[in-house]
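# Architecture at a glance
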Amino acid sequence: MTTTTSAALDRRYGTTDVPEATLTETIAGQLAHRSVRRFLPSSVSEGDLAAIVAAAQSAATSSNQQSWSVVVVEDHERLARLAHLAGDQAFIADAAAFFVWVADLNRAATIAARAGHELGGADYLESTLVASIDAALAAQNAVVAAESLGWGTVYVGAVRNNPVEIAAELGLPPRAFAVVGLAIGRPDPDEQAGVKPRLPQSAVVHREQYDPAASADGVDVYGARLSDYYDAYGIEHEWTASVARRWKDAAGLNGRHRLRSWLEELGFPSR
């Protein structure tokens, strides 16, 4: 373990003006993360699959409820159908496997029924959040594990574009819905992509109390750095404009403004 600046930190922030940081092999791997959307033909060994799931299960979970499940899809025809339902993103069909992380209160419902109890507490927003956060924490552990094994990964939020259809495709029971997908595969070395810079720490880290001015200053600095990153790939991109467009109105949500009603249909009233 060393306290140092490194090329990995430089890439992560898009500048050599970075704070000294204590780095380990695990942290260096996390700093090198990038989304991979072009995969070579491959399959996931049972050993790798077991390791990825074990890492996911080692994530923190609220009150040890473990309110999540994962559906691992490798069948090519099902991958193609999921790709269509999740924004027609071809890389899903090309992945070695597609992990769909599920907020799962069906297991709790089964346990409660066996004990002769009601499950009214699962009908509240807090319960929806608990199950969703559990699933997200597990998914992130899986990403770190998969990348340490040489797999490329990319999250797919578009499984929430058509959650009822996704639930039917995966045979999800009541009180279960897809929170996020994760495509994994061997990275195609010809894909033109790098480690995308993140906001400077001054924009996201606040000491004792939130500092809006520092956050705003960091945003201005970041916009220039990210433009430089995209320029290297011949792409024009203005980050602040993209953020503003994304949150301007419901159109930016790609249909997910209806998510609350869909969740209720799937057994999550979220009162």
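A short tour of the structure in this document, coming up. (Residues numbered from 1 in each chain as written. Predicted model: local features only at pLDDT ≥ 70, side-chain atom pairs only at ≥ 80, totals over all residues. Heavy atoms only, no water.)

A few words now on helix α10 (residues 212-231). The first and last C-alpha atoms of α10 sit 29 Å apart over 20 residues, in line with the 28 Å expected at 1.5 Å per residue. Of all the positions in α10, only S215, G218, Y222, G223, R225, L226, Y229 and Y230 are classed as buried. On its buried side, α10 packs onto α1 (7-13), α9 (201-204) and α11 (239-246). Sitting at the amino-terminal end of α10 is D211, which places a side-chain oxygen 3.2 Å from the backbone nitrogen of A213. (Helix = DSSP H or I, 4+ residues; strand = E, 2+ residues; numbered from the N terminus. Expected span 1.5 Å × (residues − 1). Buried < 20%, exposed > 50% of the residue type's maximum accessible area, 1.4 Å probe, protein only. Contact = heavy atoms within 4.5 Å. Polar contact = N/O pair within 3.5 Å; in protein donor to acceptor, adjacent residues only side chain to side chain.)

This next bit is on the packing of helix α4 (residues 76-85) against helix α8 (residues 163-170). Two elements in contact, α4 and α8, have axes separated by 10 Å at closest approach and are oriented at 170 degrees. Taken together, the axis directions place α4 and α8 in an arrangement best described as roughly antiparallel. Along its contact with α4, which presents R78, R81, L82 and L85, the element α8 presents E165, I166, E169 and L170. When its residues are assigned to classes, the contact of α4 with α8 shows four nonpolar, no polar and four charged. (Axes fitted to C-alpha atoms, helices over the stretch in contact; angles between N-to-C directions. Parallel < 35°, antiparallel > 145°, perpendicular 65-115°, else oblique. Nonpolar A, V, L, I, M, F, W, Y, C, P; charged D, E, K, R; others polar.)

Turning next to the packing of aromatic side chains. The geometry of an aromatic ring pair is captured by two quantities: the separation of the ring centres and the angle between the planes. On inspection of all chains with the given rule, the structure shows six aromatic pairs. With centroids separated by 5.6 Å and ring planes inclined at 50 degrees, the aromatic side chains of W68 and W101 adopt a geometry described as tilted. Of this pair, W68 sits in strand β4 (residues 68-73) while W101 sits in strand β5 (residues 97-104); the two residues are 33 residues apart in sequence, bridging distant segments of the chain. The pair W68 / W101 is uniform in exposure class, with both members buried. (Phe/Tyr/Trp six-rings, centres within 6.5 Å; stacked < 30°, edge-to-face > 60°.)

Structurally, E169 is set in helix α8. The exposure class assigned to E169 is buried, which follows from its relative accessible area of 18%. Put simply, E169 and L82 are 87 residues apart on the chain and 7.8 Å apart in space, counted from C-alpha to C-alpha.

Bringing α4 into the picture now. Residues L79, L82, A83 and L85 constitute the buried set of α4. Buried residues of α4 fall within an arc of 165 degrees about the axis and therefore sit on the same side. Every exposed residue of α4 that faces more than 90 degrees away from the buried side is listed here: E77 and H84. Measuring from the side-chain oxygen of the N-cap residue of α4 to the backbone nitrogen of E77 gives 3.2 Å; that N-cap residue is D75. (Arc of directions from axis to C-beta.)

This paragraph deals with the pattern of salt bridges. The full count for this structure, using the stated rule, is eight salt bridges. The salt bridge involving R186 is made with D48; its shortest N-O contact spans 3.9 Å. One end of the pair, R186, is in strand β7 (residues 176-187); the other, D48, is in helix α3 (residues 46-57), with 138 residues separating them in the sequence. On the basis of relative accessibility, which here comes to 28%, the residue R186 falls in the partly exposed class. (Salt bridge = Lys/Arg side-chain N within 4 Å of Asp/Glu carboxyl O.)

With that settled, consider the environment of G150. Turning to its location among the elements, G150 is positioned in the loop between α7 (125-148) and β6 (152-156). Sequence-wise, G150 and G29 are 121 residues apart; in three dimensions their C-alpha atoms are separated by 10 Å. If sequence neighbours within four positions are ignored, G150 has contacts with R186 and P187.

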